[in-house]
Amino acid sequence: MDADFDGEGFRLLPIETPCCGASLTLNKLCYHWHCAFGRLSVEVLNPGVHPLPDALMQELARRLDGPVALVYAHL
């Protein structure tokens, strides 16, 4: 996304996707709920709890001094 942004907006130029090598523009990508863009990613592999407790999410937000979003990745 950074490479497509020109300072005022997205140019929507075709890019090669790293997953399958397809050539598409950002507006052609399918975003499945729930996804997020952020400055930081914290990954927890097999935490043994589902869903993560609200208290843990609140503590993460407090320590990171901002909102957090939980996004599950199935590998």
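Refer to the structure presented above.
Residues numbered from 1 in each chain as written. Predicted model: local features only at pLDDT ≥ 70, side-chain atom pairs only at ≥ 80, totals over all residues. Heavy atoms only, no water.

## Observations regarding the overall build of the chain
Part 1 of the reasoning: Along its length, the chain carries one helix and two strands.
Part 2 of the reasoning: Whereas a compact globule of 75 residues would reach a radius of gyration of roughly 11 Å, the chain reaches 16 Å, over 25% beyond that.
Part 3 of the reasoning: The principal-axis extents of the C-alpha atoms in the chain amount to approximately 40 × 30 × 15 Å.
Part 4 of the reasoning: The burial tally for the chain puts 9% of its 75 residues in the buried class.
Part 5 of the reasoning: In the chain, the proportion of contacts linking residues at least 24 apart, taken out of those at least 6 apart, comes to 20%.
Part 6 of the reasoning: For the chain, the exposed area adds up to about 7000 Å²; of that, 57% sits on carbon and sulfur atoms.
Part 7 of the reasoning: In the chain, 5 side chains carry a positive charge and 9 a negative one; their mean positions are 3 Å apart. (Helix = DSSP H or I, 4+ residues; strand = E, 2+ residues; numbered from the N terminus. Rg over C-alpha atoms; globule rule 2.2 N^0.38 Å. Buried < 20%, exposed > 50% of the residue type's maximum accessible area, 1.4 Å probe, protein only. Contact = heavy atoms within 4.5 Å. Areas by Shrake-Rupley, 256 points an atom, 1.4 Å probe, with all protein chains shown as cover. Lys, Arg positive; Asp, Glu negative; His and termini not counted. Charge placed at Lys NZ, Arg CZ, Asp CG, Glu CD.)

## Here we look at the side chain of Thr25
Part 1 of the reasoning: Here Thr25 lies in the loop between β2 (23–24) and α1 (54–64).
Part 2 of the reasoning: Looking at Thr25, the relative accessible area reads 15%, which means it is buried.
Part 3 of the reasoning: Side chain to side chain, Thr25 and Asn27 meet in a polar contact 2.2 Å long.
Part 4 of the reasoning: Once residues within four sequence positions are removed from consideration, Thr25 is found in contact with Leu12, Leu13 and Pro14. (Polar contact = N/O pair within 3.5 Å; in protein donor to acceptor, adjacent residues only side chain to side chain.)

## Structural notes on the pattern of salt bridges
Part 1 of the reasoning: Counted under the stated rule, the structure contains two salt bridges.
Part 2 of the reasoning: Two residues, Arg62 and Glu59, come together in a salt bridge whose shortest N-O distance is 2.7 Å. Taken together, the residues span about one helical turn, with Arg62 and Glu59 both in helix α1 at a distance of three residues.
Part 3 of the reasoning: Between Glu59 and Arg63 there is a salt bridge, with the nearest N and O atoms lying 2.6 Å from each other. Of this pair, Glu59 and Arg63 both sit in helix α1, separated by four residues, roughly a single helical turn.
Part 4 of the reasoning: When salt bridges with common partners are traced through the structure, they connect Glu59, Arg62 and Arg63 into a single cluster. (Salt bridge = Lys/Arg side-chain N within 4 Å of Asp/Glu carboxyl O.)

## Details of the environment of Gly38
Part 1 of the reasoning: By secondary structure assignment, the location of Gly38 is in the loop between β2 and α1.
Part 2 of the reasoning: Classification of Gly38 by relative accessible area gives exposed; the value is 68%.
Part 3 of the reasoning: When the C-alpha positions of Gly38 and Val68 are compared, they lie 9.1 Å apart, and in sequence the two are 30 residues distant.

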